[in-house]
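So the chains spell out like this:
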Amino acid sequence: MKTETKRLTGSSRSTKVRKILLIGVVSILTIVVCFAGYTVISLYNSLRSINPNAGATASTLNLRERINILVVGVDSRATNDPGRSDSIMLIGLDPASRTMSVMSIPRDSRVNIPGHGYDKINATTNPDYFSDGGIPLLEKTVEAMIPGIKINYYAKADFAGFEKVIDALGGVTINVEKAMYYRAVDTLINLKPGIQHMDGKTALEYARFRHDAIGDFGSQNGEELGRVVRQKALLKAIVAQTTSLRNVWKLPPVISAVEKAVVTDLLPNDMLRIALAFKNTTDKEVTTVPFPGVPGTVGGTSYVIPDLDALQSKIAPLFSPLVPSN
């Protein structure tokens, strides 16, 4: 009788231990699920704040065609300063091959601005210069300059925003090709040649430097030179060095910085869909495209004169929508 009682007591204890373990496992799973849900919701809400009109528009994203995004850096420094386009980059995403084409458009490009005639392209985003100035006018101008393409979305940041995003990514490592020095009232650039890990402030200095014999844009024997080359090199370095950040657990702090720094017309769900489609893309899948043009002077003003024939015959096919495969 005593043996039977002991056996029941041992069985009872074993059952109790299993229940405790089960409760512990369920509790841990519940915490994980809740944390994952909170992370996803926080990520989604952060993405919504980047696009102020997210709730008022329907998605037009088509992952069977090339997606063209105009990335614009503006030189505004004050809160109410609209600034001009200090850097303009056209990025073509091919969801089928998971590849990217990147072309910098020199800010001094002489273009035919719809409704205004010829001027520098960087003036298009400034409503103090053109009454209808802003991103839509810039998009129309780029589409007119490269016939047959469509700008699907844009992303815009100012100098301070750029710095915040780079810092949130943990900085970026760049091989500085030469010494770069420039001093002004509110600016000091003093970069030494060689490989170095840059924070946001230093990366911005590298991307902005144009105070040498080449300046913003130069071309020699069909090779692109100048600041636009550094901007594309910086983008490739960011793509190469951020693969470990492209998952839902590590994205929130990055998105938190982006939401304070970037304005875009991409919808939150579309940002996530694009991020998932290109989460394994490396710098090897990024092709940098030289801008076809040469420095020149028209009416005493310095410009970059685009090669319109090359833009239509060579560049347009790289950024035109892909024909869906059967």
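Counting from 1, residues in each chain are numbered in the order their sequence is written. At least 70 in pLDDT is required for a residue's local features to be given in this predicted model, at least 80 for side-chain atom pairs to be given and counted, and no such filter applies to totals for whole chains, interfaces and linings, which use all residues. Excluded from the side-chain calculation are hydrogens and water; included are all heavy atoms of the structure.

Going by what an unreviewed UniProt entry lists, the protein is known as LytR family transcriptional regulator and is assigned to Candidatus Cryosericum hinesii. Database annotation for the protein, UniProt heading Sequence similarities (unreviewed entry): "Belongs to the LytR/CpsA/Psr (LCP) family." UniProt positions are given in the numbering used here, feature names are shortened, and annotations may be inferred rather than shown by experiment.

(A) Highlighting the confidence of the model for the protein. By definition, pLDDT measures how confident the predictor is in each residue, and it falls between 0 and 100. Here the protein averages 78 in pLDDT, and 72% of its residues register 70 or above. Note that pLDDT drops below 50 for residues 1-5; the model gives that stretch zero contacts with residues more than four away or on any other chain. Two residues form a contact once any of their heavy atoms are found within 4.5 Å. The low-confidence segment residues 23-43 (pLDDT under 50) makes 10 contacts with residues lying over four places distant or belonging to another chain.

(B) Structural context of the packing of helix H4 (residues 200-208) against helix H5 (residues 227-241). To define axes, lines are fitted to C-alpha atoms, for helices over the stretch in contact only, and angles between the resulting N-to-C directions are given on a 0 to 180 degree scale. Put simply, DSSP marks the helices as runs of H or I at least four residues long and the strands as runs of E at least two long, and each gets a number from the N terminus on. Where H4 meets H5, the axes come as close as 7 Å, and the angle between the chain directions of the two elements is 140°. On the basis of their axis angle, the class for H4 and H5 is oblique. Between H4, through Ala203, Tyr206, Ala207 and Arg208, and H5, the contact on the second element is made entirely by Arg227, Arg230, Gln231, Ala233 and Leu234. For this scheme, ten residues count as nonpolar: Ala, Val, Leu, Ile, Met, Phe, Trp, Tyr, Cys and Pro. Four count as charged, namely Asp, Glu, Lys and Arg, and the remainder, Gly too, count as polar. In terms of residue class, the contact of H4 with H5 is made up of five nonpolar, one polar and three charged. Note that the term roughly parallel is reserved for angles under 35 degrees, roughly antiparallel for angles over 145, roughly perpendicular for angles of 65 to 115, and oblique for everything else.

(C) Molecular detail of the pairing of strand E7 (residues 172-176). Alternating positions in E7 separate cleanly, Val172, Ile174 and Val176 being buried on one face and Thr173 and Asn175 remaining unburied on the opposite face. By this definition, two strands are paired if DSSP reports at least two bridges between them. Two elements, E7 and strand E10 (residues 194-198), share five bridges in a ladder whose sense is antiparallel. Paired with Val172 across the bridge in E10 is Met198. Exposure is judged per residue with a 1.4 Å probe applied to protein chains only, and the accessible area is read against the type maximum: over 50% gives exposed, under 20% gives buried, and values in between give partly exposed.

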